[in-house]
Structures are given as structure tokens and as C-alpha cells.
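Structural overview
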Amino acid sequence: MNHDLTEGNVTANLVKFTLPILGSMVFQQLYNIADSLVAGKFIGESALAAVGNSYEITLIFIAFAIGANMGAGILVSQYFGAKRIGDMKSAISTSYIVVFFLALLLVIFGLFFSDSLLLLINTPPEIHQESATYLDIYIYGLFFLFFYNLATGIFSAMGDSRTPFLFLMASSLSNIFVDILFVTLFSMGVDGVAWATFLCQGCSSIIANIVLFRRLRGIRSKEKGVIFSFSMTKKFISLAIPSIMQQCFISFGNIILQARINSFGPSVIAGYSAAIKLNNMVVTSLLTFANGISSFAAQNLGAGKYDRIRESMKAGIKISWLVSLPIVILFEFFTGFFLFFFLDDPASTAYGVGMDFLKIVAPFYFIVSVKDVSDAVLRGSGAMLPFLVSTFADLFLRVFLSFLFSSFLGVIGIWLSWPIGWTIGMTISLLFYFRGKWKSGVVLT
């Protein structure tokens, strides 16, 4: 159901709107967690390392999908908040056309260069073939990935976070079942893990888009929107490119980090693969929660209600800290329990690696959550350059410091770069927010 976020209590609206978004991302992360869990438990440590190794490259494609989601979501939110329904529908149809060609280009790129990307990150020979198999099948499903993300972004832009949550919950739980079925009953190995994700994500994408277009047909407006607009394309690109760049910076940074981690051998790769899945579930969930604040800020910017945007910043930090607190406690004191879902031997090198990583980074989830909320207000208002600067500073420091610290601290030095990068990025983002840069980010014309 569509919901106007420009009216009512700010905190209550945010809780009602963002909690399903947070839940959606938890289930979205279950796709990759399920792949690693089944690979590690039912196939072996090398399969877990292969899936985790390929995952860092899939984040490049996910970066483009999330960037498109954000670009379309912000544009649709502002038009929806301003009650310009004809323009909103033009923005939606234009976004679909642009995203189709973007996905097509990435499928072609991926199929031709996936093997080169695996070589670029120093993939060990013993897991190269399994990594390539997983990655190729993942690329076949990129259209599903892109159109699902676009649909969920539009649902959220219109104030409906519940519908995509329900679709994704059903799809993610199905993915776990199909993963186990393909690997255990049909003995498909890493191929089975990849095809399970392909099938379940494809179903959720198709259903989400069918429901979205039925919903849009029911929204009437006096003005008639055009199917494709060059002016809308420019607006979409101006919002999507910084978001894509942000996600790509993160992805390429992770690839560089993965290459450095790969130099420590398969056991370290496996331990990191297990721990980073748990970390990414939390960090990406906090980011997705913040994306809900972007939609909230965009709708209120379209309605000219700046005070509600300030209130959303304060409320967003409180909510994200409440979410982070139990996670930090669990990861600090029960780390081994969570790693056991992926790895069998608590005495192994991989187990120790995963323990060290989570214990170092988990306390700083409070820091990254503040950065995400502040970035969300900047992004939702269309102030994309400040948002991009804070992200790039965080990433640059993490990559630079990981190589510097690991040269004399070993793999622990890589883990220490995370908290420092997050802290600097948060500081920069807050400086832009308090200087009021978000007020000058209006994109509506």
C-alpha cells in the first residue's frame, strides 16, 4: 500500500516504513549467506572459499543494481511527495528503459571478462574453476537482479516497504531449501548453489514487477506521462551515477582487499568468506534502513518540509543504534556460534580468522550506522557530491591502510582498516550535513 511520508509523526512513520526495508535486506543477504552456508557445510571448505571469492566480484554488479534502485527511488519519491503523478510515471518508465540497456551491457561484459576478474584478484588455482562456475551462472541472472531492485526502489519511493519484504522473505526461504535440494539430492556442487539463487531470484523479480505495474495502473492522474523522456533520463543518471559510483568504489575496494586477503591462502579466504557474509548482512541492512530515510527525505523535500528531514536524521540514528546494539553484543560474545553455521572445526585457521575479523569490526557498527543515516539525507535530497566524497574517503582509507597495516601486522592489519575508514567517513558526512548541504540538493523542475 502506498504511503504519504510527508504527514504524521516522523519517528512512527520511519519505524513503520523502514523496518520492513530492514527485514527485506536481511532476507536479501540470506541469498548469499545460504550459498556460503550450504557450500561450506555440504560441499567443503574449498567450495566456501570459491563462493566467497566470487561474491566480491558479484558486488560490482550489485553496485550498479543498487545505484539504479537509488536513482529511480529518489526521483520517484520527490515526484510522489509533490503529487506530480504524471511525471512520476514518466520517471518510472524511463528508468526501466535505461536499466534494461545497463543490465544488457553488464551481462555482455561479465560473460567476456569474468575469468579475467578472477585472475585479477589472485584467485588460487585450487578454487578457480568453482569460482568461475558460480560467477558465470550469477551473471546469467543479472536482468532479474536489476529489475527486482528497480521494483523495490519504486515501491519504497511510494511509501510501500511491506510488499517487497513479503516477496523477498518467501524467495529467500525458498532459496535455502532449493540450495540444499540441488546440492544434497542432485549432487550439483557449486553449480547447484548458483542455480538455486538464479531460480529463486528470478521468481521474486517477476512477481514483484507484475504487482508493481498493476499498482501503477490503479494510480490515476490528470496529466499524462510520456513513456521515455530525455530530461528524465538526465535526472535519473545524475542521481544514479553517484550512487553507482559509491557502490562501485566499495566493490572495487573490496576486490582489492580480496586480492590482498587471497595472498594469505585458502584457509584465510574461507574464514574471511564466512565472517564477511555475517558482517555484510549487518552493514548492508543498516545501509538499506538508511535508504528508507532517503525516500523519506526525498518525499518531504518534494513537499518543502525541511523540519521533517531534520527530525528524520535524529530518529534514524536512534533507531539504527537500537538495531545495532544486540548485534554488537552477539558478535562480540557469541562469535563462534555464528561461524559454526559455515565452518565445522573451531580449531581451524579459518575459524580463528573469522573470529578475529568480527570481534574487531562489530563495535563500530554504531559508527557506520550514523554515517549511513547522514549519507541517506544527503542522497535523498539530491546532494550527491558530498555523499560521494564521504564514501570515497572511507573506502580509500580502508584500502590504503589495509596494505600498510598488513605489511607488519599480517591479516589482522586488514581488519583494523575497517573501523578507521568508517570513522573518518562518518565525520566527513556529518560535516556536510551540519553545513546544510542537503538543502541545496533539489532536482525537481
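Residues numbered from 1 in each chain as written. Predicted model: local features only at pLDDT ≥ 70, side-chain atom pairs only at ≥ 80, totals over all residues. Heavy atoms only, no water.

1. Description of the overall build of the protein
Going by this rule: Secondary structure follows DSSP: runs of H or I at least 4 residues long count as helices, runs of E at least 2 residues long count as strands, and numbering of each begins at the N terminus. In this treatment the radius of gyration is a C-alpha quantity, and the globule benchmark scales as 2.2 Å times the residue count to the 0.38 power. When accessible area is computed with a 1.4 Å probe and restricted to protein chains, residues below 20% of their type maximum are described as buried, those above 50% as exposed, and intermediate ones as partly exposed. Contact definition: two residues touch when any of their heavy atoms are within 4.5 Å. Working definition of accessibility: Shrake-Rupley area with a 1.4 Å probe, residue cover restricted to the visible protein chains. Counted as positive: Lys and Arg. Counted as negative: Asp and Glu. His and the chain ends are not counted at all. Charge positions come from single atoms, namely NZ of Lys, CZ of Arg, CG of Asp or CD of Glu.
Scanning the protein from N- to C-terminus turns up 15 helices and 0 strands. Expected size for 445 residues packed as a compact globule is a radius of gyration near 22 Å; at 21 Å, the protein falls within 12% of this value. The principal-axis extent of the C-alpha atoms belonging to the protein is close to 65 × 45 × 35 Å. When burial is assessed residue by residue, the protein has 62% of its 445 residues classed as buried. Sequence-distant contacts in the protein: of pairs separated by 6 or more residues, those separated by 24 or more amount to 85%. Carbon and sulfur atoms make up 72% of the accessible area of the protein, which amounts to about 16,900 Å² in all. Between the centroid of the 28 positive side chains of the protein and the centroid of its 23 negative side chains there is a distance of 17 Å.

2. Regarding the environment of isoleucine 276
Among the structural elements, isoleucine 276 can be located in helix α9 (residues 266-302). Sequence separation between isoleucine 276 and leucine 135 is 141 residues; the distance between their C-alpha atoms is 18 Å. Look past the residues within four positions of isoleucine 276 in its chain and what remains in contact with it is Glu56, Phe357 and Trp418.

3. Some words on empty space enclosed by the protein
Sizing a probe to match a water molecule and rolling it over the atoms shows the empty space that remains. Condition: Of the two site types, the cavity is a set of points on a 1 Å grid over the protein atoms alone where a 1.4 Å probe fits but cannot get out, and the pocket is an open set with protein on both sides within 12 Å along at least five of seven lines, each lined by residues with an atom within 4 Å of a point. Grid points are joined across faces, edges and corners, and a volume is the space filled by probe spheres set on the points.
One pass over the full model with this rule turns up 2 cavities of 30 Å³ or more. By volume, the second largest cavity amounts to about 60 Å³. Lining the second largest cavity we find Tyr134, Ile137, Tyr138, Gly141, Ala194, Thr197, Phe198 and Gln201. The set of elements that each furnish at least two residues to the lining of the second largest cavity consists of α4 (125-140) and α7 (189-217). Here the element with the most residues in the lining of the second largest cavity is α7; it accounts for 4 residues.

4. What to know about the nonpolar core
Rules: Nonpolar core, defined: a set of buried Ala, Val, Leu, Ile, Met, Phe, Trp, Tyr and Cys residues in which side-chain atoms within 4.5 Å join the residues together.
The biggest cluster of nonpolar side chains holds 62 residues, and the ones touching the most others in it are Ile57, Met88, Tyr96, Leu142, Met158, Leu212 and Phe236. Among the elements of the structure, α2 (45-81), α3 (85-120), α4, α5 (142-157), α6 (162-185), α7 and α8 (230-262) are those that each provide at least two residues to this core. At 18 residues, α2 tops the list of elements feeding residues into this core. Setting aside chain neighbours within four positions, we find tyrosine 96 in contact with Phe147, Leu150, Ala151, Ile154, Asn209, Leu212 and Phe213.

5. Re α6
Three or four residues apart is the spacing at which side chains of an α-helix point the same way, because the helix has 3.6 residues per turn. As a reminder of what qualifies: An expected span of 1.5 Å times one less than the residue number is assigned to each helix.
If you check α6, its first and last C-alpha atoms are 34 Å apart, about what 24 residues at 1.5 Å a residue would give, namely 34 Å. For α6, the set of buried residues is Thr163, Pro164, Phe165, Leu168, Ser171, Ser172, Asn175, Val178, Asp179, Phe182 and Val183. In the stretch just after α6, serine 187 is the one whose phi turns positive, near 50 degrees.

6. Thoughts on the environment of phenylalanine 167
On the secondary structure map, phenylalanine 167 appears in helix α6. In this structure the C-alpha to C-alpha distance between phenylalanine 167 and isoleucine 207, which are 40 residues apart in sequence, comes to 7.8 Å. Look past the residues within four positions of phenylalanine 167 in its chain and what remains in contact with it is Ile207, Ala208 and Val211.

7. A word on the side chain of aspartate 372
Stated formally: What counts as a salt bridge is simple: a side-chain nitrogen of Lys or Arg found within 4 Å of a carboxyl oxygen of Asp or Glu.
One can find aspartate 372 in helix α13 (residues 365-380). In this structure aspartate 372 is buried but unpaired, with lysine 371 as the nearest side chain of opposite charge at 5.0 Å.

8. A closer look at the packing of α3 against α5
What counts, and what does not: Think of each axis as a best-fit line through the C-alpha atoms, taken over the contacting stretch in the case of a helix, with angles from 0 to 180 degrees between the N-to-C directions. Orientation categories follow fixed angle ranges, with anything under 35 degrees roughly parallel, anything over 145 roughly antiparallel, 65 to 115 roughly perpendicular, and all other angles oblique. Each crossing gets its handedness from the near helix: less than a right angle anticlockwise from the far helix is left-handed, clockwise is right-handed. Throughout, the ten residues Ala, Val, Leu, Ile, Met, Phe, Trp, Tyr, Cys and Pro are labelled nonpolar, Asp, Glu, Lys and Arg are labelled charged, and all others, Gly among them, are labelled polar.
One way to put it is that α3 packs onto α5 with a least axis distance of 9 Å and a crossing angle of 155 degrees. Considering their axes alone, α3 and α5 lie roughly antiparallel with respect to each other. Between α3 and α5 the crossing geometry is right-handed. Of the residues in α5, those touching α3 at Ile92, Ser95, Tyr96, Val99, Phe100, Leu102, Ala103, Leu104, Leu106 and Val107 are Leu142, Phe143, Phe146, Phe147, Leu150, Ala151 and Ile154. Classifying every residue of the contact of α3 with α5 by side-chain character gives 16 nonpolar, 1 polar and no charged.

9. Some points on the environment of glycine 153
Locating glycine 153 in the fold gives a position in helix α5. Along the primary structure glycine 153 and glycine 73 are separated by 80 residues, whereas in three dimensions their C-alpha atoms are 4.9 Å apart. Glycine 153 has contacts with Asn69 and Gly73, leaving out every residue within four places of it along the chain.

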